[in-house]
Amino acid sequence: MAFRMRADETEDSGISSEMQQFIIDNNRLLDELSSPGEGTSISPAQATTSTASSFAVFNQSQQAAEVSYQKIGFGQCGLVFSKPGSAHVVKIARPYFSDALWEDFLSHLRLFKAFSLHGDTQCRIPRVYSYVNKVNRAWWDANTALLPPNPEFPLPSQALITERILPLPLAIRNVLIDKFCPEGLRESAKASPLNNDCLARMYLGRHRTPNPPLAPNFSLRNYNLCLDQMLALGLPVQDYAREMAACLAIIHWQARVDGYDIEFVLGSDAEYATHVAQSLGMDVEQLEQLPKHSDVEVLLQRRGVRLWVIDFNLCNRFAMDDAFILGHEKEVLSQLVLAFFENDPYYPLPLMETNVDRQLWSIFRQEYLKKAAEILSGASQALKRLPVKFLDACVEREHRKLGKGLGHGHRDFKG
Ligand SMILES: Nc1ncnc2c1ncn2[C@@H]1O[C@H](COP(=O)(O)OP(=O)(O)O)[C@@H](O)[C@H]1O
Ligand SMILES: [Mg+2]
């Protein structure tokens, strides 16, 4: 077993109720129809580049063969590209990160399989489509010219192709800009095509400092949404805590992966439902109540958003068999605890002061244990005890760090 270690504000709640509707619950789209004016117009360009309906996205992805890729994200390991309107992304390894991308692929495969055994899980993981080696002439000949040239980033490289998480809908992007972007930058932020590729990192374990200055370099790409902001927007934080906990339990106990450096992002639900009612989360009776000539295409663009988990190149995979895990119990648990705290502050934290934080930790704990018990129902008593030992070890570590005056959720390597 080779563990790869890595060293590497309170807002007023001004969000309108109809905004909350399409953020939170598709089933309430009906009410929203009574005020269709605000934020409903989506230009054809926006519809194809951001949150087009499943039907449109599917069609465009079939026709998009010769369209150029655009960079929609980047990180330490790779640059991520997508074609407008297509349903996949290509993550291309930076120089020296080829092995990391292969690890990403292997962990993603294992995690996808684990998630597919838990169909009731709300938090999704993108589908894995392909891995392209840099010597695959056919693929690189067909695609290199479509990728933006970059001297620091020689092609061909290794590439991982996965399902694209569609950006948050226009109306939500506008709410984020209206609430959190400095006033003088709002118009340019709304006009910038870069902000179309908006996914929000869901930091349930972090509050902004009270009365924070609004960020001068505002960008919606990988927007770090802290707990106080989610509360100000009226987002269902308890649901997120529950979904994240179930997701982490699947990662740990079904996939036997430590979850090191994974990301939890809020993005659109790109599920290709086969029927309009299914896509809208409505039943046929509700559809019959729509006002005459309701623009169903516009409604489809506003359908649900959900949590997604991505970025697995730093994950460590344990052997799958129970005997191995029990034989290395101490190392496995300490690796899980390390990964929990070294990650960006997605998870609720134990031993926090405010009621909302305490409640989120309690929900997280309860749901994590519930999902883990379900997964380990046929396992030995010794293995069944590991999930609670993991959580207790997290609390114990937090206690120790707080005792040393290091603050909540202290990270040993990332600071
Ligand atoms: N499947 C995807 N759909 C949409 N955007 C993605 C997807 N995967 C990655 N991204 C975007 O690209 C960024 C970098 O990808 P990531 O896998 O985190 O790379 P790295 O391993 O280099 O950090 C992410 O933070 C996200 O904004
Ligand atoms: Mg990343």
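The protein goes by Zinc finger protein-domain-containing protein in an unreviewed UniProt entry, where it is assigned to Lasiosphaeria ovina.

Broken down by element type, the protein carries 18 helices and nine strands. Counting only residues that meet the buried cut, the protein has 40% of its 415 residues in that class.

Turning to the sheet that holds strand S5 (residues 159-163), a few remarks are in order. The strand order across the open sheet built from five strands is S1-S2-S3-S5-S4, with neighbouring strands paired in antiparallel fashion. Of all the strands in the sheet, just strand S1 (70-74) and strand S4 (128-132) have a single pairing partner and so form its edges. Geometrically, the sheet is characterised by an average inter-axis angle of 25° between neighbouring strands, direction not taken into account. Sheet analysis places strand S3 (residues 88-93) next to S5, joined by five bridges and oriented antiparallel. Across the sheet, Val-89 pairs through a bridge with Thr-162, a residue of S5.

Contacts to ligand 1 come from 21 residues, most closely from Gly-73, Gly-75, Cys-77, Val-80 and Asp-311. Looking at side-chain class alone, the shell around ligand 1 contains nine nonpolar, seven polar and five charged residues.

The subject of this paragraph is helix H5 (residues 98-116). Its 19 residues give H5 an end-to-end C-alpha distance of 27 Å, which sits within 8% of 27 Å, the value for a rise of 1.5 Å per residue. Here H5 has its buried residues at Leu-101, Asp-104, Phe-105, Ser-107, His-108, Leu-111 and Ala-114. Each element contacted by the buried residues of H5 is listed here: strand S2 (78-82), S3, S4, S5 and helix H10 (237-254).

This brings us to the pairing of strand S6 (residues 200-203). Across four bridges, the pairing between S6 and strand S7 (residues 223-226) is parallel. Following the sheet pairing, Tyr-203 is matched in S7 by Cys-226. Here S6 runs beside strand S8 (residues 263-268); their pairing, made up of two bridges, is antiparallel. Following the sheet pairing, Ala-200 is matched in S8 by Leu-266.

Take the environment of His-88 next. Mapped onto the elements, His-88 comes out in strand S3. Separated by 78 residues in the primary sequence, His-88 and Leu-166 have C-alpha atoms spaced 9.5 Å apart. Ignoring anything within four residues of it in the chain, the contact list for His-88 reads Tyr-129, Ile-161, Thr-162, Glu-163 and Arg-164.

Our next topic: the sheet that holds S8. The four strands are arranged S7-S6-S8-S9 in an open sheet whose pairing can be described as mixed. Sheet topology places S7 and strand S9 (305-310) at the edges, where each strand pairs with a single neighbour. Averaged over all pairs of adjacent strands, the angle between strand axes in this sheet comes to 40°, irrespective of strand direction. Running at roughly 30° to S9, H10 makes contact with S6, S8 and S9 of the sheet.

For the rest of this paragraph, the subject is the environment of Asp-392. Its place among the elements puts Asp-392 in helix H18 (residues 386-403). A C-alpha to C-alpha distance of 9.7 Å links Asp-392 and Pro-350, two positions 42 residues apart in sequence.

Residues Met-202, Leu-204, Met-244, Ala-249, Val-265 and Phe-364 are the most contacted members of the largest nonpolar core, which totals 75 residues. Tallying contributions element by element places H10 first for this core, with eleven residues. Discounting residues that sit within four places of it in the chain, Leu-204 has contacts with Leu-227, Val-237, Tyr-240, Ala-241, Met-244, Tyr-346, Tyr-347, Pro-348 and Leu-360. Core analysis: the next-biggest nonpolar cluster, separate from the first, contains 15 residues, Tyr-69, Val-80, Leu-147 and Leu-160 among them.

This brings us to the pairing of S9. Buried residues dominate S9, accounting for five of its six residues. As paired strands, S8 and S9 are joined by six bridges and run antiparallel to one another. Residue pairing in the sheet places Phe-264 in a bridge with Val-309 of S9.

In the predicted model, the protein carries a mean pLDDT of 84, and 82% of its residues have values of at least 70. Within the model, the stretch residues 1-64 combines pLDDT values under 50 with 117 contacts to residues more than four positions away or in other chains.

As a further point, take the packing of helix H16 (residues 355-375) against H18. Two numbers describe how H16 lies on H18: the axes approach to 9 Å, and their chain directions differ by 155°. Taken together, the axis directions place H16 and H18 in an arrangement best described as roughly antiparallel. Along this stretch, H16 crosses H18, giving a crossing that reads as right-handed. Within the contact between the two elements, H16 uses Arg-365, Tyr-368, Leu-369 and Ala-372 and H18 uses Pro-387, Val-388 and Leu-391.

Attention now goes to the packing of H10 against H16. Direction vectors running N to C along H10 and H16 enclose 35°, while the axes themselves pass 8 Å from each other. Of the two elements, H10 crosses H16, and the hand of that crossing is right-handed. Taken together, the residues of H16 that come into contact with H10 (itself represented by Val-237, Gln-238, Ala-241, Arg-242, Met-244, Ala-245, Ala-246, Leu-248, Ala-249, Ile-250, Trp-253 and Gln-254) are Leu-360, Ile-363, Phe-364, Glu-367, Tyr-368, Lys-371, Ala-372 and Ile-375. Taken together, the residues of the contact of H10 with H16 break down into 15 nonpolar, two polar and three charged.

Next up on the list: unusual backbone geometry. Of note, the bond from Leu-155 into Pro-156 is cis; its omega dihedral lies within 30 degrees of zero at 0°. Turning to its location among the elements, Pro-156 is positioned in the loop between helix H6 (137-143) and S5. Phi is positive for Asn-211, which is not a glycine, with a value near 45°. Here Asn-211 is to be found in the loop between S6 and S7. For His-293, which is not glycine, the phi torsion reads 60° and is therefore positive. Take His-293: it is sitting in the loop between helix H12 (284-288) and helix H13 (296-301). Look at His-293 and you get exposed, because 6 C-beta atoms sit within 10 Å.

What counts, and where the lines are drawn
- Residues numbered from 1 in each chain as written.
- Chains lettered and ligands numbered in written order.
- Predicted model: local features only at pLDDT ≥ 70, side-chain atom pairs only at ≥ 80, totals over all residues.
- Helix = DSSP H or I, 4+ residues; strand = E, 2+ residues; numbered from the N terminus.
- Buried ≥ 20, exposed ≤ 12 C-beta atoms within 10 Å, placed from the backbone.
- Pairing = 2+ DSSP bridges.
- Axes fitted to C-alpha atoms, helices over the stretch in contact; angles between N-to-C directions.
- Near = placed C-beta within 6 Å.
- Nonpolar A, V, L, I, M, F, W, Y, C, P; charged D, E, K, R; others polar.
- Expected span 1.5 Å × (residues − 1).
- Contact = placed C-beta atoms within 7 Å.
- Core = buried A, V, L, I, M, F, W, Y, C linked by C-beta atoms within 7 Å.
- pLDDT = per-residue confidence, 0-100.
- Parallel < 35°, antiparallel > 145°, perpendicular 65-115°, else oblique.
- Left-handed = near helix turned anticlockwise from the far one by under 90°.

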